[in-house]
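An overview of the molecular structure
Chain by chain, the residues run as shown.
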Amino acid sequence: MPGSTKKDLYIAKSIGQLNEMAELPAKFKTTHAKLLVKTADKMLKEAQHSEMIEDEERAYVLFMKYFNVVTFLKKTADYKKQKAYYDDLLGTKNLLTSIDKAEVLSGSLKERYDQLEAEHVASKLSSLDTVEKKVEDKVEVDAKHSDKQPQIKTDDKEPKPEEPVKKTSPGVISCSTLFDLFEDRDAQVIIMDVRPMEEFQETRINHKNIINVPAEAIKPGTTVTYIEKALPMDSLSLWKQRGNIDHIILLDWNSSIDKVKIGTSLQTLKDALYKYDSTVIIKSEPLILDGGYEQWMLQYPTKCVNPVFDKLKKPVVSSTQDSLMDFDYPDFDETFMEPKPAKTSSIESSNSSSSLSSASSVMNGDISGNLPRIDRSTKPKIDRSTKSNVTTTQVNANKSFSSSLYPDVRAVSKPGNSLYSETNEAGSKSIDSSFRNTDSRAESVTAGGSRATSQDIKNSSTLAAQSTEISDELKALEQQKKQKMEEIRKLQENYEKIEAESRARMEQMASEEKKLSDLEELKRKQQTDVADLMRMKKNLHSNMAEEKQHVQQQQQQKEQEESNRREELEQLTRAEEEKRRRQEEVNRLRMDRKKKEEDRLQNERKMREEKELQDARERARQEEEQRKKDVTAAEERARQVKAEEDRKAAEKSQIEERLQMERELAAKMEKERLAALEEKRKQQAELDRLEAERREKLRLEKERAEKERLDREKRERDEEDRKRAEEAKRVADEKLRLMNEAKSKAKLIPSPNLQKGWEKQLDPSTNRYFYINHHDGTTQWEPPNLPGEGKGGTYVTRLKDEPSTLKSGLKRSNSSPNIAKMMEDESKLPQRKAPPSVDRGNKPVKRQMPVALPAKRRDLNPVYGNVGCALTGLRNLGNTCYMNSTIQCLNNTSPLVTYLLTDLYLYDINRGEKAGNLWEVTDDFAYLVKSLWSGQYRFITPRDFKSVVGRQQPMFAGYEQQDSQEFLTFLLDSLHEGLNKVKTRPKIAEQDNDKLPDHIGAELAWKNHKLHNESIIVELFQGQLKSTIMCLTCRKRSVTFQAFMFLSLPIPSSNRCTLQDCLRQFAAEEKMTGSSRWKCPQCKCYRDSVKNIVIWKLPHILLIALNRFVYEGQWRTKINAHVDFPVRGLDMTTFVKGPQPKPYKLYAVSNHFGTLDGGHYTACCRNPNTQKWYKFDDHEVYDTSESSVKTSAAYVLYYTSIDLLPPDFKPSFT
């Protein structure tokens, strides 16, 4: 009986239902290891809380779900890579503890469910018990009615009372009941005979399911294991099937419930099977055969193998003869003296109303009720001490069985039954012998009467009168004999009538038996386990009295415990509220601290900008003062010129007196000179003004250039810091790869101005030229020094096959290189003044073309229509909107599309066995992209692509709704593995970043990552994270760098928030306590720690997934909060600790509308050709505005920091 403090059962009705609830949902396919760890930790805490408040069902479900989540986590790739790390997060003992607690809860819940089911079944069986009791009462009434016998009273003595019917004790089965079980085809019985093996082989019950368990193998206190070892070989197969058998029957020679005691073989075997067998649970308690094999052999000798009656302990034949000799002699003394007429009234009263009782008496071998009562004082005495009446035993057995729920009617219904025929034969023989004995005794009485009459002749008047009286008496006796014979005939007729009535009653009882069988079938359907139900029913009946006595006490205890539990719940609630308040306070303080830090940084940035502005103003002021000084100097020069003019005018007046004749000429010349000077002065003023404006412009341009220089230097420093560590390695690897891998990435650029043995090629990844020295097999970025440089002059030569004049009127295409223009540009370079030596015989090796695969038949089932490039829709194949949305977003990523449309991917694709069949995903995706960019289909069917994806990942093989983020992860991983340039992955030692600066550790980690992963997916989509964990005891720090494909950001609010809020929540510190503590390498034990994950480097294409699907307890829900994200100018500098990125702009969004039960995916993308936004809803494509892109259904955001130009779709081969 469960404790009164445990919470009532309310979730399920069995352990199986709880296990179904604990299973992970079908859509639970995330591989984010950190999210799984957080989910498991939350489930464990909820399970422990439920266990503490005595909610066993919820605690068991959460413990099992915790186990399932941890098991799923251990199958992920992240866990396999960092097993020790995630084991530390999970805790080493939590999984074992949860399993132990789940097992304890499972046992307790199973007992409670069994008891609840037993109570439920008992309540339903009460109605069946009522029906059964009614049937039993009816059978008992019929039995009593049949036991009534008509009696012929010849004296005033009362009839002898009938013996009570023997009732079967619990745990015992009678021979007749066992015989009926043999006849029942649905009942499965196994018989275990504990007699010695010799006796068992000599004689036994004739049944297929009988085994011999020798008594010498059954010692007191033994177990089934020891018994099984001592069994004969032919008994092992049935012994091992005992758990599937309905009834197990135990017997010996004369087994009975009184003889089955502790220490006996039968009791030891019963306890070993029923109580102490932990390997096999039998369905019902083993039953003891009442009377043992002796009684069975007496009742059913034909059901025995070689029945041996000489070994019986009771004299069967003699006792049977004694029972046949049990009759009385009539006394005719009084009738001889005084003749009386025979009484026939009692005989005639045997009519149809008492025919049933008479027939019952005849069938049981007893006809005393139909004979007159005779004085038995003169009958011979017989020693009855050892008498054993087999007929009475048979009758009692029949009566005992008839009082059960199913009365045995075979003795009445089957005329060929042995018991029925033996009883009738015994009855007939008894009647015949009784009448024969009565005749002989009558003759004896006649002789005795003659002697008595001869003695009384002396006192009588005449002998003739006595002779007449005797002859009359003899006639009366003869007449009485005839009447008895007539009565026997009438009894025979009554018997036939009774037999007809018995058949009718049998049919009625058969119909009642059918009803009872239907009720029994209904009862079987309601029972889950018959054996457990019978046991629980017995236990319930036995414990009912005790439970009623303790109800009051338990009720009080329950109320007290409930009050205590309410107080504990209140305390827990207060503690949780206090903890929540403290957590909110800590979060508020943390947010205040972050806000203060941001304000401080913003103030510092403003102060720095103000300082720069003040410096610029100071420089402007100084230049303004310098300009004013220049103007003053110019004015001073003008005053000097004017003074000089005044002096010259005085001199002119003096000369005018002396040179009167030349005055007019001098005046004219002076006038011209003054006009020239005035013009010169105006020109000088205009020059000064222009000079001031020029200086002002130069100053502004200088400030602008200085600012641009500072920004450029800052970006260059950041870029140099980012590329410093990998430049040398990448350049060397790039050179070696370009030379050894058939120059897969290089584009040959003819350059006749190079020396012999040199070659110029273009690197498509950086759009820079590099030069190959075929003499020593090296490469370099700078052009080689030409012989004769520095001597001056230009040497121009015509190509060998180039005509002197252009005879064609065609214009050169802008998409193809202008070789003549390139050579002319090279000739203008200052370092290439000397003419090169050209060797036309040493031409570059022709690039090796990839081997094309055989043509594959693909069925797009297109609907033709003239649409723009990348404006073709995708037909929904049945819940494949998640795939269509992801494909449309990637289809508008122009660098990836250009790589596929120009067939450059064919130089990198891996078709070997190591890459598996992921190259098929790459080929089909490239074909799908080419079809989407053809512009000739309104929409197509991606059935072939889905089939290929389904073969590689069975999760996407069906037509169930899936997660677009999971499909995006699978598709990018497949493209990366199919296009990975690294064929053989070298072994990399574990990196220790504790003593390295962050930028060195990050560069080294990225270099190691590139040694295993090098593809266009890595170049475009992968960035780097920095993870730091610090011990709160010794302040030991551990730093690791890891690559990431996309950022999975939590949503901090359920209403409205910004993308910056999500990024701040992602970068927030996480305290690791309890089961998630970190094993500090310095403390050598588990310690509380603080973990922080920040962004170190961002990729060119930034994928951001919003965590809208989260777990709240054991249920998964969707967050429909509106996240405000920028379409242009996403500044990530605040959140990046490494090289500062450029601003990002949005170019695609994957949306999810609906709930977990049912939803739909769409995509909004900006076309690279038209730079307009379009909405892709499966096969429907239509334009939309930029403002309508920002909705609360946004799920995956696609950002880019580079310009997405239209792809130049000119494949190198088909």
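Regarding the overall build of the protein chain
Scanning the protein chain from N- to C-terminus turns up 31 helices and 31 strands. Going through the 1214 residues of the protein chain one by one, you find that 37% of them count as buried. Put simply, of all contacts in the protein chain between residues at least 6 apart along the chain, 73% involve residues at least 24 apart.

A look at the environment of Ala 926
In this structure, Ala 926 sits in helix H26 (residues 918–932). Taking the relative accessible area as the measure of exposure, Ala 926 reaches 0% and is therefore buried. Residues Ala 926 and Val 897, 29 residues apart in the sequence, show an inter-C-alpha distance of 8.3 Å. Ignoring any residue separated from it by four or fewer positions in sequence, one finds Ala 926 in contact with Leu 900 and Tyr 905.

Describing the sheet that holds strand E16 (residues 1037–1044)
Read from one edge of the open sheet, four strands run E16-E15-E22-E19, paired in antiparallel fashion. Since the sheet does not close on itself, it has two edges, and those belong to E16 and strand E19 (1070–1072), each with one partner. Each strand of the sheet is rotated relative to its neighbour by a mean of 25°, with strand direction disregarded. Inspection of the sheet shows strand E15 (residues 1023–1031) paired to E16 by eight bridges, in the antiparallel sense. Looking at the pairing, Lys 1026 lines up with Phe 1041 of E16.

Describing the packing of aromatic side chains
Under the counting rule described, the total for this entry stands at 16 aromatic pairs. Residue placement shows Lys 946 over the ring face of Tyr 959; its charged tip is 4.2 Å from the ring centre.

Digging into the state of the cysteines
Throughout the structure, instances matching the rule amount to zero disulfides. With no disulfide of its own, Cys 304 lies closest to Cys 175 among cysteine sulfurs, the gap being 9.3 Å. Residue Cys 304 is classed as buried on the basis of its relative accessible area of 9%. Cys 1080 takes part in no disulfide bond, and the closest cysteine sulfur, belonging to Cys 1034, lies 3.5 Å away.

Calculation criteria
- Residues numbered from 1 in each chain as written.
- Predicted model: local features only at pLDDT ≥ 70, side-chain atom pairs only at ≥ 80, totals over all residues.
- Heavy atoms only, no water.
- Helix = DSSP H or I, 4+ residues; strand = E, 2+ residues; numbered from the N terminus.
- Buried < 20%, exposed > 50% of the residue type's maximum accessible area, 1.4 Å probe, protein only.
- Contact = heavy atoms within 4.5 Å.
- Pairing = 2+ DSSP bridges.
- Axes fitted to C-alpha atoms, helices over the stretch in contact; angles between N-to-C directions.
- Phe/Tyr/Trp six-rings, centres within 6.5 Å; stacked < 30°, edge-to-face > 60°.
- Lys NZ or Arg CZ within 6 Å of the ring centre and 35° of its normal.
- Disulfide = S-S within 2.5 Å.

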